[in-house]
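Chain and residue survey
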Amino acid sequence: MIRTGLALAALVTAGAASAAPVLTPVWTDHAVIQRDRPVVVEGTAAPGEKLSATLGSATASTTATTGGSFALHFPARTASADPVTLTVTGADGSKIAVSDLLVGDVWLCGGQSNMEFSVWSSAGGPLAAQHSGDDGLRLLMIPKVSALTPQKEFGGKVAWAAASLDSVKDFSGACYFMARQLRRDLGVPIGAIHSNWGGSQIRAWLTPEGGKALYGPAAMTQLEQYAKDPLGAVTAFAPGWEKWWTDRTGGSPWANPDELDWQPVPKIAAWGEWTGTPLASNGNGNVWMRRTVMLTPAQAKAGGTLNIGLVDDIDMTFVNGHPVGNTSSWSDERHYRVPASYLRAGANEIMVLVTNSYGAGGFESPPERLSLDLAGGASISLGEGWRYAISEITDYPPRTPWDGIAGIGIMYNRMIAPLGHFAMAGTAWYQGESDVGIPGYAERLKALFSGWREQIGTGAKMLVVQLPNWGPTTERPAASGWAEIRNEELRAVAADANAALIATLDLGENDNLHPLDKLNVGLRLAMAAQGEPMPMPVSARQAGGEIVVTFAGIEGGLHAWSGPPLGFELCGETQDSCRYAAAEVAGDAVVLAGDGKPVTRVRYAWIDSPVVNTYDARPLPVPTFELPLVK
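So, here's what we can say about the structure. Bear in mind that the values here come from a model prediction, so they are computed numbers and not experimental data.

**Points about the overall build of the protein chain**
- When helices and strands are tallied, the protein chain shows 12 helices and 37 strands.
- In terms of overall dimensions, the protein chain is globule-like: its C-alpha atoms have a radius of gyration of 27 Å, near the 25 Å expected for 631 residues.
- Taken along its principal axes, the extent of the C-alpha atoms in the protein chain is 80 × 75 × 45 Å.
- Residues classed as buried in the protein chain amount to 56% of the 631 residues present.
- For the protein chain, restricting intrachain contacts to residue pairs at least 6 apart in sequence, the fraction spanning at least 24 positions comes to 73%.
- Only carbon and sulfur atoms are counted for the fraction: they give 53% of the accessible area of the protein chain, which is about 24,600 Å².

In structure tokens:
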């Protein structure tokens, strides 16, 4: 019996109960196989089952492990647009076949919303999608589903599809335009995989090994515990969270609510609807919510479930000083178990710290969704009677290992791990917005490189889109979280022999977090994918009374448009010491005039939304950077 590739995803679950072999879900009809790399075909079968397979005219055989997994190894293949079929045969003669497989280059595109941003929403995207038909360009869209541990299945059916209006319009704009250009330039089949999640932090995309190395065994243990015992996991996490708060404020309102100044909540609704309060115009930050509940002795002995509905974005919830829940998601209702030992006869205090990073914030479910449901069936409405206190703390609290948008590996586990060892040319990574303000991004990016290469091939090229210009402009040098992330991206790429940085300082929009020009992002990615050098700073050296900043990856020399180069800074040890420097282009270098003041480092484009005018002849912009001064 032949089963087509489109049916494979549905068979993964059934594989354990059937002797028929099942392939990993990336193997469907119309897939693109990576050229010039050994081909590994993985799947599951009956433990110890002998399997044979053909890929075109090549053959392979193997025996499933005691756990039921198998891997078939075929020789590397050259690029070809001639379709081949993969057939895997089990010991009883049952077969799985996937057909119309091409051989070329495969690219994995990952990140958050700017990589997720669709072709259709991009500038010129609708026209591009309507004229996208190309059987030699194949696309694979991965569903947005997370998991606490690595999985063998995606969160829904997946199927490779040739480029067409239907397959292209919702696909990543930056990824599609890169793949389309590679197809035009190289003339070989191209496969592109879209695996993105808006708002995600980079740690959500780390392998378990990378997560353990960066965050330690205790965090990974909490992650595993949460799947079985959420209350136990949040109890283990809480001491670190509480220390974060007390270190900043000296207080502990979850244990001593009266230490805060409380105001009545106008209504259970998003803060944007709280007319007349500061939160109506600015809902970003941390706000405590308090509800006192009176219980009889019998009710207190019952225990129950606390329901506080949807919370935007993050909550840390306590009952009488005991942590009961922490969730980061604007789309998941909160239902937290409250043991009887946490309750008491008389007044009980529910304390919720709500942290919001974007949008309206606050409790967003209708009032009737808020309740304390006691064991035995009684329910106490919590739709009114709340008080609030706005905190002066504006930074974000520690994120749990199971955090819905930043949990350790939770997106890797369901959106990358099921790919198996499917060889690829490389990855295009566009992320970092959600990591602004969190130190150590370069180390996290290095761990992502290592973990993903372990899966898709040690020779995979890593392309990183440096964050574009977005946010406020300034007239003077300033501290910038976005510039810090850009520089961390540069550091990670500079330390990797097979990585490239794609600068986009000229493609952003200072009032739009999601700039519409994904075409030029894709074109620059395609250049880097083909090995074209990208502009990169090399050194800043003292030369008499001047400082010479040299660059690599420059073609046709550097050029400053509409005047001298803008945005170069001389800095001492402190932020206040930074000042703009007079600059001029000198071939592949920029020469900065000294001003007689101490200099220990040179910075460029070091604000959230810089104006830049220094390009090479292609023209590609110089990226944001910070370099130590070499004397």
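There's more to say after this.
**Notes on the sheet that holds strand β14 (residues 285-295)**
- On the basis of which strands lie adjacent, the open sheet formed by six strands has the order β13-β24-β14-β20-β17-β18 and antiparallel pairing. Here the strands that pair on one side only, and so sit at the sheet edges, are β13 (263-264) and β18 (322-328).
- Inspection of the sheet shows strand β17 (residues 314-319) paired to strand β20 (residues 346-356) by six bridges, in the antiparallel sense. In the sheet register, Thr 317 faces β20, and the bridge partner there is Val 352.

**Observations concerning the nonpolar core**
- Counting 182 residues, the largest nonpolar core has Met 289 and Trp 386 as its most contacted members.
- Non-local contacts of Met 289, meaning those with residues more than four positions away in its chain, are made with Trp 262, Val 265, Trp 271, Trp 274, Ile 350, Met 351, Val 352, Val 354, Phe 363, Trp 386, Arg 387 and Tyr 388.

**Digging into the environment of Ser 69**
- Note on placement: Ser 69 falls in strand β7 (residues 69-74).
- Classification of Ser 69 as partly exposed rests on a relative accessible area of 27%.
- Once the C-alpha coordinates of Ser 69 and Met 527 are considered, the two residues, 458 residues apart in sequence, prove to be 38 Å apart.

**A few points about the state of the cysteines**
- For the coordinates displayed, the defined rule picks out two disulfides.
- Through a disulfide, Cys 109 is tied to Cys 175; the S-S separation comes to 2.1 Å. Judged by the torsion about the S-S bond (75 degrees), the Cys 109/Cys 175 disulfide is right-handed. Pair noted here: Cys 109 is in strand β9 (residues 95-111) and Cys 175 is in helix α5 (residues 173-186), with a separation of 66 residues, a long-range link.
- What makes Cys 175 buried here is its relative accessible area of 0%.
- Here Cys 571 engages in a disulfide with Cys 578; their sulfurs sit 2.1 Å apart. Across the S-S bond linking Cys 571 and Cys 578, the dihedral sits near 120 degrees, which makes this disulfide right-handed.

**Digging into the pairing of strand β28 (residues 536-543)**
- Examined bridge by bridge, β28 and strand β29 (residues 546-552) share seven bridges and lie antiparallel to one another. Bridging from a neighbouring strand, Ala 540 pairs with Val 549 of β29.
- Here β28 hands over to β29 after two residues, with Gly 544 in that stretch at a positive phi of 65 degrees.
- Bridge count between β28 and strand β37 (residues 625-630): two bridges; the pairing is parallel. From the neighbouring strand, Ala 540 faces β37, where its bridge partner is Leu 629.

**Structural notes on the side chain of Asn 196**
- Tracing the sequence through the fold places Asn 196 in strand β12 (residues 190-196).
- Using a relative accessible area of 0% as the deciding quantity, one classes Asn 196 as buried.
- At a separation of 2.9 Å, a polar atom in the side chain of Asn 196 contacts the main-chain amide nitrogen of Gly 111.
- Only 3.4 Å separates the side chain of Asn 196 from the side chain of His 194, close enough to count as a polar contact.
- Sequence-distant contacts of Asn 196, that is, excluding residues within four places in its chain, are made with Cys 109, Gly 110, Gly 111, Gln 112, Met 115, Glu 116, Lys 144, Ser 172, Trp 205 and Met 415.

**Here's the deal with the packing of α5 against helix α12 (residues 519-529)**
- α12 packs onto α5 with a crossing angle of 50 degrees between their chain directions and a minimal axis gap of 7 Å. When the axis of α5 is compared with that of α12, the two are oblique. In this structure, α5 meets α12 at a crossing whose hand is right-handed. Taken together, the residues of α12 that come into contact with α5 (itself represented by Ala 174, Phe 177, Met 178, Arg 180, Gln 181 and Leu 182) are Leu 519, Val 521, Gly 522, Leu 523, Leu 525, Ala 526 and Ala 529.
- Looking at side-chain class alone, the contact of α5 with α12 contains 10 nonpolar, two polar and one charged residues.

**Comments concerning the packing of aromatic side chains**
- Evaluation of the coordinates by the stated rule reveals 26 aromatic pairs.
- Taking 6.4 Å as the distance between ring centres and 40 degrees as the angle between the ring planes, the aromatic pair formed by Trp 160 and Phe 422 counts as tilted. Separated by 262 residues along the polypeptide, Trp 160 in the loop between β10 (134-141) and β11 (161-163) and Phe 422 in the loop between α9 (412-415) and β25 (426-430) bring together distant segments of the chain.
- With a relative accessible area of 2%, Trp 160 lands in the buried category.

About the criteria used
- Residues numbered from 1 in each chain as written.
- Predicted model: local features only at pLDDT ≥ 70, side-chain atom pairs only at ≥ 80, totals over all residues.
- Heavy atoms only, no water.
- Helix = DSSP H or I, 4+ residues; strand = E, 2+ residues; numbered from the N terminus.
- Rg over C-alpha atoms; globule rule 2.2 N^0.38 Å.
- Buried < 20%, exposed > 50% of the residue type's maximum accessible area, 1.4 Å probe, protein only.
- Contact = heavy atoms within 4.5 Å.
- Areas by Shrake-Rupley, 256 points an atom, 1.4 Å probe, with all protein chains shown as cover.
- Pairing = 2+ DSSP bridges.
- Core = buried A, V, L, I, M, F, W, Y, C linked by side-chain atoms within 4.5 Å.
- Disulfide = S-S within 2.5 Å.
- Polar contact = N/O pair within 3.5 Å; in protein donor to acceptor, adjacent residues only side chain to side chain.
- Axes fitted to C-alpha atoms, helices over the stretch in contact; angles between N-to-C directions.
- Parallel < 35°, antiparallel > 145°, perpendicular 65-115°, else oblique.
- Left-handed = near helix turned anticlockwise from the far one by under 90°.
- Nonpolar A, V, L, I, M, F, W, Y, C, P; charged D, E, K, R; others polar.
- Phe/Tyr/Trp six-rings, centres within 6.5 Å; stacked < 30°, edge-to-face > 60°.

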